[in-house]
Amino acid sequence: MGESNQKEIEIRRYRPEDCPVLAQLFYQTVRRTNLGDYTQAQVEAWAPAPPEEGRWSAMLLHHETWIAEEAGEIIGFATLDGDYFDHLFVRWDRQGRGAARALADALENRAREKGCSQIDVHASITARPFFEKRGYRIVKEQQVERRGQKLTNFVMAKAISGA
């Protein structure tokens with residue numbers, strides 16, 4: 001009877017039909033959320049229009065991909081490539097509700113199940129505080145190039161031994 005304002009976030013595995021939604025989610029989120037830490041030119045280079053669905057489809061099938069849903073609607077996703085935490089994006093208007101935490105838990109648990117002792121991520125300036133709160137440490141700051149633009153990110157690592 002006492003219904004909460006916050007709906008339950010469910011985590012599931014990726015299905016190919018999710019691809020168009022995820023490509024658009026990435027595009028919109030980078031261009032809105034990351035604009036506080038990167039220039040307009042940088043976010044446009046990072047997330048070009050229109051989203052390249054063919055490239056996204058191949059990547060999402062190659063990686064282990066998890067989806068966060070709230071009330072049956074996709075609100076985020078995360079990908080794992082071996083011991084590399086490659087993507088973590090939550091829809092720009094659904095952040096702060098626990099989806100990123102739930103996705104990161106799922107990826108870290110999967111990496112642990114696979115026998116990984118450490119998980120690595122290249123975190124944006126925007127994502128760095130999230131990963132630091134989860135116990136990731138900065139290995140180095142680096143500049144990456146996307147379509148002629150240099151973007152700062154951080155190579156970070158976290159020990160995830162199974163004990």
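Above this text is the structure in question.
Quick summary incoming for the structure in this document. Remember, it's a predicted structure, so these values are computed and weren't measured experimentally. (Residues numbered from 1 in each chain as written. Predicted model: local features only at pLDDT ≥ 70, side-chain atom pairs only at ≥ 80, totals over all residues. Heavy atoms only, no water.)

Brief notes about the sheet that holds strand β3 (residues 73-81)
If you walk across this open sheet you meet the 7 strands as β1-β2-β3-β4-β5-β7-β6, and the pairing is mixed. The open sheet has two free edges, formed respectively by β1 (9-13) and β6 (137-146), since each of these has just one partner strand. With strand direction ignored, the average angle separating the axes of adjacent strands in the sheet is 25°. Here strand β5 (residues 118-124) pairs with strand β7 (residues 149-159) via 7 bridges, running antiparallel. Each residue of the ladder has a partner; that of Ser124, found in β7, is Asn153. Along the sheet, helix α1 (residues 19-33) makes contact with β2 (64-70), β3 and β4 (84-90), crossing β3 at roughly 95°. Contacts from helix α3 (residues 53-62) reach β2, β3 and β4 within the one sheet, and its direction differs from that of β3 by about 65°. (Pairing = 2+ DSSP bridges. Helix = DSSP H or I, 4+ residues; strand = E, 2+ residues; numbered from the N terminus. Axes fitted to C-alpha atoms, helices over the stretch in contact; angles between N-to-C directions. Contact = heavy atoms within 4.5 Å.)

With respect to the pattern of salt bridges
In this structure the tally under the stated criterion is 19 salt bridges. Note that Arg94 is salt-bridged to Glu70, the shortest N-O span being 2.9 Å. Of this pair, Arg94 sits in the loop between β4 and α4 (99-113) while Glu70 sits in strand β2, placing them 24 residues apart in sequence. Both residues of the pair, Arg94 and Glu70, count as buried. Across the pair Arg91 and Asp93 runs a salt bridge whose closest N-O atoms are separated by 2.7 Å. Overall, Arg91 belongs to the buried group, its relative accessible area being 17%. (Salt bridge = Lys/Arg side-chain N within 4 Å of Asp/Glu carboxyl O. Buried < 20%, exposed > 50% of the residue type's maximum accessible area, 1.4 Å probe, protein only.)

Some remarks on α4
In this model α4 runs 21 Å from its N-terminal to its C-terminal C-alpha over 15 residues, within 8% of the 21 Å that 1.5 Å per residue would give. Along α4, the residues classified as buried are Ala99, Ala100, Leu103, Ala104, Ala106, Leu107, Glu108 and Ala111. (Expected span 1.5 Å × (residues − 1).)

Comments concerning the pairing of β7
Regular strands have side chains that alternate between both faces of the sheet. Most of β7 is tucked away, with 8 of its 11 residues classed as buried. Pairing between β6 and β7: 9 bridges, direction antiparallel. Looking at β7, one finds that Arg137 is bridged to Ala157. Adjacent in sequence and paired antiparallel, β6 and β7 are bridged by 2 residues, among which Arg147 carries a positive phi angle near 50°.

Observations concerning the packing of aromatic side chains
Taken as a whole, this structure holds 8 aromatic pairs when the rule is applied. With a centroid separation of 5.3 Å and 90° between ring planes, the pair formed by Phe85 and Phe131 is classed as edge-to-face. In this pair, Phe85 sits in strand β4 while Phe131 sits in helix α5 (residues 128-133), placing the two residues 46 residues apart along the sequence. In this structure, Phe85 and Phe131 share a single accessibility class: buried. Among the aromatic side chains, those forming a connected cluster through ring pairs are Phe26, Trp56, Phe77 and Phe89. The ring of Phe154 has Arg128 sitting right over it, with the charged end atom 4.6 Å from the ring centre. (Phe/Tyr/Trp six-rings, centres within 6.5 Å; stacked < 30°, edge-to-face > 60°. Lys NZ or Arg CZ within 6 Å of the ring centre and 35° of its normal.)

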